[in-house]
Amino acid sequence: TQTVSQSDAHVTVFEGDSVELRCNYSYGGSIYLSWYIQHHGHGLQFLLKYYSGNPVVQGVNGFEAEFSKSDSSFHLRKASVHWSDSAVYFCAVSGYNQGKLIFGQGTKLSIKP
Amino acid sequence: GPKVLQIPSHQIIDMGQMVTLNCDPVSNHLYFYWYKQILGQQMEFLVNFYNGKVMEKSKLFKDQFSVERPDGSYFTLKIQPTALEDSAVYFCASSPTGERNTLYFGAGTRLSVL
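To start, this report covers the structure provided alongside it. Treat the numbers as computed from the prediction; the structure is a model and nothing was measured.

In protein chemistry, a disulfide is the covalent bond that joins the sulfur atoms of two cysteines. In total, this model carries 2 disulfides over all chains according to the counting rule given. A sulfur-sulfur distance of 2.0 Å marks the disulfide that ties A:Cys23 to A:Cys91. Between A:Cys23 and A:Cys91, the S-S torsion sits near -65°, and that sign places the bridge as left-handed. With A:Cys23 in the loop between strand 3 (19–21) and strand 4 (24–26) and A:Cys91 in strand 10 (residues 87–94), this residue pair connects regions lying 68 residues apart in the sequence. With relative accessibility at 0%, the residue A:Cys91 sits in the buried group. Across a sulfur-sulfur distance of 1.9 Å, B:Cys23 and B:Cys92 are joined as a disulfide pair. In this structure, the disulfide formed by B:Cys23 and B:Cys92 twists by about -65° around the S-S bond and is classed as left-handed.

Printed below as a string of structure tokens:
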């Protein structure tokens with residue numbers, strides 16, 4: 001069974017704070033992990049991905065994520081958030097070079113001024 | 001960046017009617033997808049499509065659903081007949097050949113079945 005779990009439905013931080021959005025997965029075989037962002041009223045936008053190599057991957061706008069095989073995790077982090085980072089963040093898993101993504105429930109990130 | 005366009009943004013129809021959701025994928029992409037998102041719930045895979053054929057579909061892709069892309073025009077999702085439980089936001093996506101895992105999504109069509 002392939003599943004993705006995002007344990008926090010809603011995270012609120014102040015502008016300038018660091019943030020970590022959690023993602024845990026269950027998947028057999030070669031795995032491809034990614035994060036997407038969804039601003040209100042828009043479609044999902046790709047942030048970053050991991051398939052192999054360095055477990056820490058860099059994405060756009062200062063986001064990074066770290067893969068951990070032992071923890072079955074792929075948490076998303078940002079050192080200093082901006083108000084424009086307010087959005088819903090989705091973690092996704094798939095097999096290599098497959099477009100069928102399995103998404104987590106999403107984490108809504110709210111930024112206080 | 002590359003954009004996927006979805007038309008219309010909102011569609012309201014009566015139960016039992018037919019509806020067609022239109023998607024204009026990124027121009028050089030060859031893989032196309034539909035995902036369904038019920039309000040407050042996660043995004044769920046419906047179907048993927050390549051070279052004129054359905055490659056894979058989920059159990060959510062009922063017999064009343066069909067997809068096509070005639071002559072390189074819009075990639076469409078047709079539901080006939082619609083049911084109340086079809087109310088959701090439907091997202092179209094496309095991906096390039098070399099990076100099928102990286103999907104480009106449209107803004108979605110909100111379908112309301114009354």
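Resuming the write-up.
It is worth spelling out unusual backbone geometry at this point. A cis amide bond links B:Ile7 with the next residue in sequence, B:Pro8, at an omega value of -5°. Structurally, the position occupied by B:Pro8 is in the loop between strand 1 (5–7) and strand 2 (10–13). Residue B:Pro81 follows B:Gln80 across a cis peptide bond; omega there is -5°. Tracing the sequence through the fold places B:Pro81 in the loop between strand 8 (75–79) and strand 9 (88–95). Even without being a glycine, A:Asn61 presents a positive backbone phi close to 55°. Of the residues examined, A:Asn61 reaches a relative accessible area of 59% and is grouped as exposed. With phi around 55°, B:Asn51 is a residue other than glycine that occupies positive phi space. For B:Asn51, the position within the fold is in the loop between strand 5 (43–50) and strand 6 (53–57).

In this section: the interface of chain A and chain B. Facing 21 residues of chain A, the contacting portion of chain B comprises 18 residues. Carbon and sulfur atoms supply 48% of the area buried between chain A and chain B, which totals about 1,700 Å² over both sides. Three residues, A:Asn97, A:Lys100 and A:Phe103, lead the burial of chain A against chain B; their summed loss comes to 33% of the area buried on that side. Between chain A and chain B we count 2 salt bridges in total. A salt bridge links B:Glu99 to A:Lys49, with the shortest nitrogen-to-oxygen separation between them at 2.4 Å. Applying the counting criterion to the chain A and chain B interface returns 10 residue pairs in polar contact (both at pLDDT 80 or more).

Rules and cut-offs
In this numbering scheme, every chain counts its residues from 1 along its sequence in written order. All chains are assigned letters beginning at A, and all ligands numbers beginning at 1, according to the order in which they are written. Where local features are concerned, this predicted model is filtered to residues with pLDDT of at least 70; where side-chain atom pairs are given and counted, the filter is 80 or more; whole-chain, interface and lining totals use all residues. Note: side-chain values were computed over all heavy atoms of the structure, leaving out hydrogens and water. In this description, a disulfide is simply a cysteine sulfur pair whose atoms lie within 2.5 Å. In this description a helix means any DSSP run of H or I spanning at least four residues, a strand means any run of E spanning at least two, and both kinds are numbered starting from the N terminus. The rule is simple: take the accessible area with a 1.4 Å probe, protein chains only, and divide by the maximum for that residue type; under 20% is buried, over 50% is exposed, in between is partly exposed. By the convention used here, residues are in contact when the closest approach between their heavy atoms is within 4.5 Å. Two parts placed together each lose some accessible area under a 1.4 Å probe, and adding up what both lose gives the buried area. Any carboxyl oxygen of Asp or Glu within 4 Å of a side-chain nitrogen of Lys or Arg constitutes a salt bridge here. Identification of polar contacts relies on pairs of N or O atoms within 3.5 Å, with a donor-acceptor requirement for protein atoms, meaning one able to donate a hydrogen and the other able to accept it, and with residues adjacent in sequence counted only if both atoms are side-chain atoms.

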